[in-house]
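Topology and contacts: notes
For reference, the chains in residue letters:
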Amino acid sequence: MPPGITLAAATPTLSAANTGFMLICSALVMIMTPGLAFFYGGMVRVKSTLNMLMMSFISLGIVTILWVLYGFSAAFGTDHGSLIGWSSDYVGLSGIGLTQLWDGYTIPIYVFAVFQLMFAIITPALISGALADRVKFSAWALFITLWATLVYFPVAHWVWGTGGWAFDLGVIDFAGGTAVHINAGAAALGVILVIGKRVGFKKDPMRPHSLPLVMLGAGLLWFGWFGFNAGSWLGNDDGVGALMFVNTQVATAAAMLAWLIYEKIRHGACTTLGAASGAVAGLVAITPSGGSCSPLGAIAIGTIAGVLCAMAVGLKYRFGYDDSLDVVGVHLVGGVIGSLLIGFFATGGGQSDAKGLFYGGGLTQLWKQLAGVGAVLAYSLIASAILAFLIDRTIGMRVSEDAEVSGIDQVEHAETAYDFSGAGGGTAPRSAGPVQEAAAQTKKVDA
């Protein structure tokens, strides 16, 4: 995402085409959060479905309000010390004119702010998949509030804000490999190391309860990701957004196929869960790199991410950390892969003239990418672990063991995802015999 790069030497004027395009892209990114809710919701057991959906949906409410009050100012306001932004005009979005343009671009500040808001919403929602089945909803809401304030807003400024240290260093992150995926994946790892494993981890079966729901969620994510990625160039004037659109499709397809091939060789079957997870791994990996590589490079990046992420999801069993829905294996690992491979596959003909090792650029860009990846990973992991520890020691982060075993949906939300109480009910058919008639009348009286 290039907020500090001007599109032309002349003073920009408002473009209705670019403005309309970016509003559509913002809506596409918004639909990714419900898509993520379905993706995660299908992967958990029946008794945790609603809680998983709500952990994503609540981010739409909390982060939106924070963003308006101070989040946009902290992420994209005037730089202070290369670490945080702040502009009083952005507080409450109160000092912004209707047609006031984002600096160097042809879209209003309001449009840029709402587009970036959707990124801020989905990033903490990504973390929730690692914490399935065991976190109090109130504690999760508090965690989102603190994490967005202390982690996401500053990191977004580092990476995308004019004056941010990673931005000035030249770290390439087109649409969120570091700020979104590494940030969320590292946070997930930090929290699960604090709160511990689910009851029955590595003992009880914890299979997805609805693979169709998983596939629906993956499809919505894939669809919305075109806005997430192509929209991050903030316009359609020079073809870079179109390159990113193509590379998003190409890398996702390659990663899905690579995951399935690995799965077939390793486990003997190509699963629907593998197809969905492989697609998401490709989307994650191409997010930082798609504006700087060619479509052939996108195939390579997607293939590498598909195989390595498929391998990484099994590490939780080897090392004993309970990453419920593979947030670490897909988002952290995929974000690292996509960010670092820029140092190899950047052509110098996309979003910038920076070239990777395979195009004659040496190791310069790789070192920059390593700096960005390492800093975001370390900061998010440590800060998130501290936040989880403080919440756990005050209001408590986890539900009780009994609540976890009986079902977090009923305990935290007083609801269940599927109501089968009416199945097979109703009055007896006309041809029913005396026994069936009596049973039907008993049901009516009991009701």
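Residues numbered from 1 in each chain as written. Predicted model: local features only at pLDDT ≥ 70, side-chain atom pairs only at ≥ 80, totals over all residues. Heavy atoms only, no water.

A closer look at the packing of helix 4 (residues 137–160) against helix 6 (residues 177–195)
What counts here: Inter-axis angles, ranging from 0 to 180 degrees, are taken between N-to-C directions of lines fitted to C-alpha atoms, where helices are fitted over the stretch in contact. Numbering of helices and strands runs from the N terminus, with a helix taken as a DSSP run of H or I at least four residues long and a strand as a DSSP run of E at least two residues long. Crossings are sorted by hand: turned counterclockwise from the far helix by less than a right angle, the near helix makes the crossing left-handed, and turned clockwise it makes it right-handed. Note on definitions: a residue-residue contact is assigned when non-hydrogen atoms from the two residues lie within 4.5 Å. Ten residues, namely Ala, Val, Leu, Ile, Met, Phe, Trp, Tyr, Cys and Pro, are considered nonpolar, four, namely Asp, Glu, Lys and Arg, are considered charged, and the remaining ones, Gly among them, are considered polar.
Taken N-terminus to C-terminus, the directions of helix 4 and helix 6 make an angle of 140°; their axes are 10 Å apart at the nearest point. At the point where helix 4 passes helix 6, the crossing takes the right-handed sense. Contacts from Phe143, Trp147, Val151, Tyr152, Val155, Val159 and Trp160 of helix 4 reach helix 6 at Thr178, Ala179, Val180, Asn183, Ala187 and Val191. Taken together, the residues of the contact of helix 4 with helix 6 sort by class into 11 nonpolar, 2 polar and no charged.

Digging into the nonpolar core
Test applied: Buried Ala, Val, Leu, Ile, Met, Phe, Trp, Tyr and Cys residues that are joined via side-chain atoms within 4.5 Å together make up what is termed a nonpolar core. Only protein chains enter the area calculation, which uses a 1.4 Å probe; residues under 20% of their type maximum are buried, those over 50% are exposed, and those in between are partly exposed.
Core analysis: the biggest nonpolar cluster contains 120 residues, and Phe72 and Leu131 have the highest contact counts within it. Top element by residues in this core is helix 4. It accounts for 15 residues. Discounting chain neighbours no more than four positions away, the residues touching Phe72 are Trp67, Gly77, Tyr90, Leu93, Trp102, Ile109, Phe112 and Ala113.

Points about the confidence of the model for the chain
Rule in force here: The pLDDT value expresses, per residue, how confident the predictor is, ranging between 0 and 100.
Residue-level pLDDT values for the chain average 92, and 92% of them are 70 or greater. Ignoring residues within four places in sequence, the model shows residues 3–8, a span with pLDDT below 50, making 16 contacts including any to other chains. In the model, residues 425–447 has pLDDT below 50 throughout and makes 6 contacts with residues more than four positions away in sequence or in other chains.

So, the packing of helix 3 (residues 109–127) against helix 6
What counts here: Angles are sorted into four bins: roughly parallel if under 35 degrees, roughly antiparallel if over 145, roughly perpendicular if 65 to 115, and oblique for all others.
At their nearest, the axes of helix 3 and helix 6 sit 8 Å apart, and the two run at 30° to each other. Judged on the interaxial angle alone, helix 6 and helix 3 are roughly parallel. The interaxial crossing formed by helix 3 with helix 6 has right-handed handedness. Here Phe119, Thr123, Leu126 and Ile127 of helix 3 lie close against helix 6, whose contacting residues are Ala179, Val180, His181, Ala184, Ala187 and Ala188. Considering only residue class, the contact of helix 3 with helix 6 consists of 8 nonpolar, 2 polar and no charged.

Points about unusual backbone geometry
Phi is positive for Asp326, which is not a glycine, with a value near 65°. The residue Asp326 is located in the loop between helix 11 (315–319) and helix 12 (327–345) in this model.

Examining the pattern of salt bridges
Stated formally: The term salt bridge refers to a side-chain nitrogen of Lys or Arg lying within 4 Å of a carboxyl oxygen of Asp or Glu.
Following the criterion strictly, the structure yields 6 salt bridges and no others. Asp322 is the partner of Arg134 in a salt bridge, and the nearest nitrogen-oxygen pair spans 3.9 Å. Linking Arg134 in the loop between helix 3 and helix 4 with Asp322 in the loop between helix 11 and helix 12, this pair joins segments that are 188 residues apart in sequence. Here the two residues Arg134 and Asp322 agree in accessibility, since each one is buried. A salt bridge links Lys316 to Asp326; the nearest nitrogen and oxygen atoms lie 2.9 Å apart. With a gap of 10 residues between them, Lys316 in helix 11 and Asp326 in the loop between helix 11 and helix 12 connect regions that are remote in the sequence. One salt-bridge network, held together by shared partners, links Arg45, Asp133, Arg134, Arg198 and Asp322.

Things to note about the packing of aromatic side chains
Let me state the cut-off plainly: Here a pair means two rings of Phe, Tyr or Trp (six-membered ring of Trp) with centres within 6.5 Å. Their orientation is stacked below 30 degrees between planes, edge-to-face above 60, and tilted elsewhere.
Inspection of every chain in the model, using the stated rule, returns 27 aromatic pairs. Measuring from ring centre to ring centre gives 5.7 Å for Trp67 and Phe72, while their planes differ by 55°; the resulting arrangement is tilted. With respect to burial, Trp67 and Phe72 carry one shared label: buried. Aromatic pair Trp67 and Phe76: ring centres 6.3 Å apart, planes at 75°, arrangement edge-to-face. The exposure class of Trp67 is buried, given its relative accessible area of 1%. An aromatic cluster of three or more residues is present, and its members are Trp67, Tyr70, Phe72, Phe76, Tyr90, Trp102, Phe112, Trp147, Tyr152 and Phe153.

Considerations on the environment of Ala37
Within the secondary structure, Ala37 sits in helix 1 (residues 16–43). The spatial distance from the C-alpha of Ala37 to the C-alpha of Val214 is 9.2 Å, given a sequence separation of 177 residues. Excluding its chain neighbours within four sequence positions, the residues that come into contact with Ala37 are Leu53, Ser56 and Phe57.

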